[in-house]
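# Overview (structure and organization)
One letter stands for each residue in the lines below.
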Number of protein chains: 2
Amino acid sequence: MSRLVLFITIIFAAALIASAQDLVAARRSLMPVPAGVVWKSGRLAVTKDFTVALAGKTDERLKAYVSRAMRRLEGRTLLELSRDFAADAGKASLLIETASTGSAIPQLGDDESYTLDIDDKQARLKAPTTVGAMRGLETFLQLLEGDRAGFYLPAVAIKDRPRFAWRGLLIDSARHFQPVEVIKRNLDALAAVKMNVLHWHLTEDQGFRVESKKFPELHTMGSDGLFYTQEQIRDIIRYAADRGIRVMPEFDMPGHATSWVVSHPEIASLPGPYQIERRPGIFDPTLDPTNEQTYKLLEVFFAEMAGLFPDKYMHIGGDENEGKQWAANPKIQAFMKEKGLKNQDALQQYFNQRILKFIQKNGKIMMGWDEIFQPDIPKNIVIQSWRGQESLAKVSRQGNQGILSNGYYIDLMNPASEHYAVDPLPANTTLSAEEQKRVLGGEATMWAEWVSPETIDSRIWPRTAAIAERLWSPREVTEVDDMYRRLDTVSTRLEELGLTHRRNQAMLLRRLAGGTNINALETLLSVAEPVKGYRRYQVRPQTMLSPLTGLIDAAQADAPGARIFNKAVDELIARRDVPQNALLIEKMLGEWRAAGDDLKDQTENSPALAEARQLAADFTALARIARAAFEDLKLRRLPTAASSSDRPAGWRDAHLKALDEIAKQKAGLELVVVDAVRKMVVEVSEK
Amino acid sequence: MSRLVLFITIIFAAALIASAQDLVAARRSLMPVPAGVVWKSGRLAVTKDFTVALAGKTDERLKAYVSRAMRRLEGRTLLELSRDFAADAGKASLLIETASTGSAIPQLGDDESYTLDIDDKQARLKAPTTVGAMRGLETFLQLLEGDRAGFYLPAVAIKDRPRFAWRGLLIDSARHFQPVEVIKRNLDALAAVKMNVLHWHLTEDQGFRVESKKFPELHTMGSDGLFYTQEQIRDIIRYAADRGIRVMPEFDMPGHATSWVVSHPEIASLPGPYQIERRPGIFDPTLDPTNEQTYKLLEVFFAEMAGLFPDKYMHIGGDENEGKQWAANPKIQAFMKEKGLKNQDALQQYFNQRILKFIQKNGKIMMGWDEIFQPDIPKNIVIQSWRGQESLAKVSRQGNQGILSNGYYIDLMNPASEHYAVDPLPANTTLSAEEQKRVLGGEATMWAEWVSPETIDSRIWPRTAAIAERLWSPREVTEVDDMYRRLDTVSTRLEELGLTHRRNQAMLLRRLAGGTNINALETLLSVAEPVKGYRRYQVRPQTMLSPLTGLIDAAQADAPGARIFNKAVDELIARRDVPQNALLIEKMLGEWRAAGDDLKDQTENSPALAEARQLAADFTALARIARAAFEDLKLRRLPTAASSSDRPAGWRDAHLKALDEIAKQKAGLELVVVDAVRKMVVEVSEK
């Protein structure tokens, strides 16, 4: 982060603090916000004598979790704490009491509630299960504060439980393979924000990422050698379970299936040969639902996977099958006629019914995307909605359970605030109480067209923490500025778990710059974001084999400087001026100007930055326009200023036109402060 | 790195560049410098059509290495290159010709030579073996340059081979366990600088880190559960072999053996029980050389390890046995008398002779530290010298082979320049040509008392690259400023391999600061280094269980601002003034002053930074003294200035006294610019 942005963050933080009481409150960064919090007076000091005791029914998972939590506490406090559990529960600094161990492999509906009571003498964490204690331990760690007197936990009474039982993250390991350590560190992060499902998207047109011992050709021919061995998968499932996280696999079919038919063209809907797909998009290769060989293979495959993945749910995808191969194959058309299947939806439903049997035979519950939802599907199929709340409501009205992912597509690079505003059960829902119960929760989706192990953390975090809060905290917790304030703290703390979302940006920029002079680039990226939605491929086409090391990959959603700048401009214009706003804008504009020369030089001389030449020029032009408008704006904010005259309409129009050009993406990046500058230009011009 | 330091780095780089020709030369950052380089005119463009062809005898190792090299090339250039090898050798951009595959498991003395010829049309890499081609590929990657016209490789003829056959890094995984991924990324880095040995220190008082299937209690009771499984070890050996790196294990004995006798007190020299040692230092527990049980266990153990580790060499440590337990045990004393063993050295030699048999029986060559060298040891024992060149010369004169580690103790936090100046065979060596041949090379040693997985990379890199150059390049390559210039580039490029030596500093500082405002801390660390040598434990005692997350752990050797500042002051005083020096000092002093308030605030309010309160105050005082002296110095450098009078001797003495206090370590850190400020004070004062 650039030093100016830091400076500004501090100013803003200061502005938020009205009194000493608020100071303490503002430092508190619980995320997700617990269901019930009552702050008390007093504090529990955290010193080198801090001890933990366990009571009730406990297990090795909890002991290990406590041990890891204590190592994190040590890391922050520099204290070396005892590694032994205290024998005397009454004297322990933290007493953890669990009524039962709960299920060793987490299951949907596990009781994750806990209470945490802290006074001057002790923190008491009580939970009905081990997993509840884990959630409480994360709250405990988030409570740590420090001041002149040392580290401490504020006195508080917390009574917490999740709003939704299903709070997940989908990781697409298929389009870009993600090594085991990437998955593990993200599991740690999920636990830190109390999420409880890893939805693991393992097969796609672009890759077959799970070892099959029954059909090894599936992964050997379908993955470029990049797949998870069954041993690695078991290791990850164990790692997740130790953090109270379920692992649900997804095997997408009948579409998104190119990597299947590379080795098994006989079960495709048209003759092969097929190759692993390298482009992003929706592709034709589809499993043949009229071929008994297809079912023979899938029956064995699902039995194998059911043995590998202990989770009760198995996701079969089912999305985005356009049926082109089905339409093009007369044999399939004849089959449809013969069976009275009117259209492709009916044929896919036929396919799903066959698959459902395999899944149920193994004691599992089937799950799929909106597309598998049909009026007459069995009630025990769970639907994941990428279409939206209305679609999900329909599912629920019909008696099926479902979860929401629409609005949580973090790959689209939208700001955290947008995701935060999406509620699986909004306040104005028309669902009955019974129907609402069938809305189980939601999942953020990390689709992996454009992420590498170097960048994936920065696409998931910190924004997924805002989604985690939406799914855990009471519906009423919606204040955006406070969410961002806490998100910033959560983001820093996630780093102790090995997450690279912050530290890798500088690394990516150093590689682009071919050296350590990256300040100007950091300034640029403090106000520039990757294009949103599905535009990236259109404006900057790449394949799955392309390097993901460009400026767009270093850039992140929620450019920190932009949010601050835009807000300051709004307040300045609305005359809700706090003294800091002018100072802040002044400083930012100064830094923008200072970056100009370096940006020009670097984009002209470094071939990897050549694509950003126009962006750099635009940024400089933007800084100039902003400066001119700001000077006028400042003048009229001074009560003692001589009356300033408005800029002529011609000046305004010329600049607005220039800003329209500047607003357009270049190198896949958008300067997300253009609107604010536009407002300033309009404000100081003739109306 | 602070932005000022960057700015200054650029100024300095600019100062180095006298002409357009030099510009190109200065950008070249080969490290280690090849044995022979002839720059030519012309360049080979690197475009998306860049292809590679293989000729001669090739193997899968090489293909995989080339593939990884091309991915790194893609990462830097943003180009998506073909993944297929070109069929037409004549038309390939890079033609790699290997005469043989060499040994699949690298061995001492493998031919690592190569030639690399680049002209406008093609780069031709020729090597007698796969491992030679690997070394050449790293040179190839280091040659990449870019300008307005795009990426390219300069035309050149390189004929290269290592000066020493043994170029290693010792990683102590015993005192602080390092996970597999830490070892792997460091193997990648070793290959990048053409090193070829991982010396793996696996057993110590503080931990037994290798799985023994014969004696599982050794690792289960001796490691806190932190050990490498044999499968992981085989994986790492394979990973290393794929990069042309040998893996030599060390099992330190008869001292440094506490973790052995936790489970086997019966083979200790005094009765137990024993516990895993948590402190740093030299400890008493020693294997009993008079007990046949000791040998029974070791015979089986060495046979097991000989099967696990394919390398021809096996290191038995042998260092720092003070023999206290031997002296205290009458039975051992009686044994010595009976066998005519005059002293503890003789007893240890007796022990070594017994061990030697086990090692030789398994076809291995024994290696140990200076202590196992005795006048009459067999000639096929190899000695690793922590004592120095003289000790090594003695070894060699007596007919034994040896390697040097004295001078390469990177854990002591000395500057790269110090290590760089240490030559296993200095120009003034008195050894005969034959004796010189027995000096095989050297090893950097990453002793792990004070490193965690978060910090270890920053202790190894980039300084180990300077040692790599010493061991590979001709003796005459000794220019320090140029070494540092190239080291900076190497350091940035190592990041593409996953090394965290740069990116983790900001992360550590954010944790300490409890937020993102770390600029002042970065400024402080740009001129502050950890105390050197073995002083850390004395001034800031910790155990192996303490968190390594303090300011001292974020600090690094070779503080980048200090080197620049000290040089600028020297030049200013010597009147070898380049115009940049004054500007540069001016800017740095401005930044020091600016950091003052934040440092005061942070060290007073953040308990984790409390230990640095006095350091922060001293830094502010130092900035003030430096500013006063600098203003005077500037005045007298201006030819047009009115003659300035010298400061009185009282002023000087008071400030020198203050500087003496400021120079003392606080929080384990030293401000390494105090000497330069002292020089300025003296310079502007009455003599």
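Residues numbered from 1 in each chain as written. Chains lettered and ligands numbered in written order. Predicted model: local features only at pLDDT ≥ 70, side-chain atom pairs only at ≥ 80, totals over all residues. Heavy atoms only, no water.

Superposing chain A onto chain B requires a rotation of 180° together with a translation of 0.0 Å along the rotation axis, leaving an RMSD of 0.0 Å. Accordingly, the operation relating the two chain copies is best matched by a two-fold axis. For chain A, the residue whose C-alpha comes nearest the rotation axis is arginine 503 of chain A, separated from it by 2.7 Å. Looking at the interface residues of chain A, 100% of them are also at the interface in chain B, so both copies use one shared face. (Least-squares fit on C-alpha atoms with pLDDT ≥ 70 in both. Contact = heavy atoms within 4.5 Å.)

Residue and element names in this part refer to chain A. At their nearest, the axes of helix α5 (residues 180-192) and helix α7 (residues 230-241) sit 10 Å apart, and the two run at 10° to each other. The angle between α5 and α7 falls in the class roughly parallel. Facing Val180, Ile183, Lys184, Leu187 and Asp188 of α5, the residues of α7 in contact are Gln232, Asp235, Ile236, Tyr239 and Ala240. Residues that form the contact of α5 with α7 fall into these classes: six nonpolar, one polar and three charged. (Axes fitted to C-alpha atoms, helices over the stretch in contact; angles between N-to-C directions. Helix = DSSP H or I, 4+ residues; strand = E, 2+ residues; numbered from the N terminus. Parallel < 35°, antiparallel > 145°, perpendicular 65-115°, else oblique. Nonpolar A, V, L, I, M, F, W, Y, C, P; charged D, E, K, R; others polar.)

Contacts between chain A and chain B engage 47 residues on the former and 47 residues on the latter. Summed over both partners, the interface of chain A with chain B buries about 4300 Å², with 54% contributed by carbon and sulfur atoms. There are four salt bridges connecting chain A and chain B. Put simply, glutamate 495 of chain A and arginine 510 of chain B hold a salt bridge, and the shortest N to O gap is 2.6 Å. At the junction of chain A and chain B, the tally comes to 15 residue pairs in polar contact (both at pLDDT 80 or more). Of all the secondary structure elements, the ones that give two or more residues to the side of chain A that touches chain B are α1 (3-16), α3 (60-77), β6 (145-147), β7 (150-160), α18 (480-494), α19 (503-513) and α24 (579-605) of chain A. Broken down by element, the residue count for the side of chain A that touches chain B peaks at six residues, all from α19 of chain A. Looking at the side of chain A that touches chain B residue by residue, the class counts come to 13 nonpolar, 14 polar and 20 charged. (Buried area = accessible area lost by both parts, 1.4 Å probe. Salt bridge = Lys/Arg side-chain N within 4 Å of Asp/Glu carboxyl O. Polar contact = N/O pair within 3.5 Å; in protein donor to acceptor, adjacent residues only side chain to side chain.)

Counting residues in each nonpolar core, the largest one holds 197 residues, and the members touching the most others are Leu551, Phe565 and Trp592 of chain A together with Phe50, Phe251, Trp260 and Ile355 of chain B. Looking at this core, the element that brings in the most residues is helix α25 (residues 613-637) of chain A, giving 11 residues. For phenylalanine 251 of chain B, the residues in contact, after removing those within four places along its chain, are Leu202, Thr203, Val210, Trp260, Phe301, Phe302, Met305, Phe309, Met314, His315, Ile316 and Gly317 of chain B. Grouped together as the second largest cluster of nonpolar side chains are 196 residues, Leu62, Leu116 and Phe151 of chain A together with Phe630 of chain B included. (Core = buried A, V, L, I, M, F, W, Y, C linked by side-chain atoms within 4.5 Å. Buried < 20%, exposed > 50% of the residue type's maximum accessible area, 1.4 Å probe, protein only.)

Before going further, it helps to spend a moment on the domain arrangement of chain A. Interface size is commonly expressed as the accessible surface area that is lost when the partners come together. All names here are of chain A. We note that the domain assignment places domain 1 (36-160), domain 2 (166-476) and domain 3 (508-685) within chain A. Look at where the C-alpha atoms of domain 2 and domain 3 centre, and you get two points 39 Å apart. Contact with domain 2, which involves 21 residues of that partner, is made by 21 residues of domain 3. The junction of domain 2 with domain 3 conceals about 1900 Å² of combined surface from both sides, 61% of it contributed by carbon and sulfur atoms. On the domain 2 side of the interface with domain 3, the three residues burying the most area are Arg278, Met413 and Trp450, jointly 36% of the side's total. Across the domain 2-domain 3 interface, the total number found is one salt bridge. Linking arginine 511 and glutamate 454 is a salt bridge whose minimum nitrogen-to-oxygen distance equals 2.5 Å. For the pair domain 2 and domain 3, the number of links is eight residue pairs in polar contact (both at pLDDT 80 or more). For the side of domain 2 that touches domain 3, the residue count by class is eight nonpolar, six polar and seven charged. (Domains from an automatic or database assignment.)

In this section: the pattern of salt bridges. Residue and element names in this part refer to chain B. Under the criterion given, the structure shown has 111 salt bridges over all chains. Between arginine 246 and aspartate 311 there is a salt bridge whose closest N-O contact spans 2.9 Å. Residue arginine 246 is found in strand β11 (residues 246-251), and its partner aspartate 311 is found in the loop between α9 (292-308) and β12 (313-315); the two are separated by 65 residues along the sequence. Both residues of the pair, arginine 246 and aspartate 311, belong to the buried class.

A few words now on the packing of aromatic side chains. Given two aromatic rings, one states the distance between the centres and the angle between the planes to describe the pair. All names here are of chain B. Under the criterion given, the structure shown has 38 aromatic pairs over all chains. A centroid spacing of 4.6 Å and a plane angle of 50° characterise the contact between tryptophan 200 and tyrosine 228, whose relative ring orientation is tilted. Taken together, the residues tryptophan 200 in strand β9 (residues 197-204) and tyrosine 228 in the loop between α6 (216-222) and α7 (230-241) connect sequence positions 28 residues apart. The buried category is assigned to tryptophan 200, whose relative accessible area is 0%. Overall, the relative accessible area of 0% leaves tyrosine 228 in the buried class. Ring plane angle 15° and centroid distance 6.0 Å describe the contact between tryptophan 450 and tyrosine 537, whose orientation is recorded as stacked. On the criterion of sequence distance, the pair formed by tryptophan 450 in the loop between β16 (439-446) and α16 (456-460) and tyrosine 537 in helix α21 (residues 535-539) is long-range, its members being 87 residues apart. In this structure tryptophan 450 comes out as buried when scored by relative accessible area, which is 15%. (Phe/Tyr/Trp six-rings, centres within 6.5 Å; stacked < 30°, edge-to-face > 60°.)

Residues and elements named next belong to chain A. Between its terminal C-alpha atoms helix α23 (residues 560-573) stretches 21 Å, which fits the 20 Å expected from 14 residues at 1.5 Å a residue. Among the residues of α23, those classed as buried are Gly561, Ala562, Ile564, Phe565, Ala568, Val569, Glu571, Leu572 and Ile573. Remark: arginine 575 follows α23 within two positions and exhibits a positive phi of approximately 60°. (Expected span 1.5 Å × (residues − 1).)

Turning next to the environment of serine 269 of chain B. Residue and element names in this part refer to chain B. Structurally, serine 269 can be placed in the loop between α8 (258-263) and α9. Since its relative accessible area comes to 0%, serine 269 is described here as buried. Sequence spacing of serine 269 and isoleucine 381 is 112 residues, and the spatial spacing of their C-alpha atoms is 26 Å. Within the structure, serine 269 has its side chain in polar contact with the side chain of tryptophan 326 (distance 3.0 Å).

On to the environment of glutamine 602 of chain A. All names here are of chain A. Inspection of the secondary structure assignment puts glutamine 602 in helix α24. Overall, glutamine 602 belongs to the buried group, its relative accessible area being 10%. Apart from the residues within four sequence positions on either side, glutamine 602 is in contact with Ala513, Asn517, Leu521 and Leu609. In terms of polar contacts, glutamine 602 uses its side chain to reach the backbone carbonyl oxygen of asparagine 517, at 2.8 Å.

Residue and element names in this part refer to chain B. With respect to the helices and strands, the residue arginine 486 is situated in helix α18 (residues 480-494). Within the structure, arginine 486 has its side chain in polar contact with the side chain of aspartate 482 (distance 2.9 Å). For arginine 486, the residues in contact, after removing those within four places along its chain, are Arg28, Ser29, Leu30, Met31, Val33, Tyr420, Glu469 and Val477.

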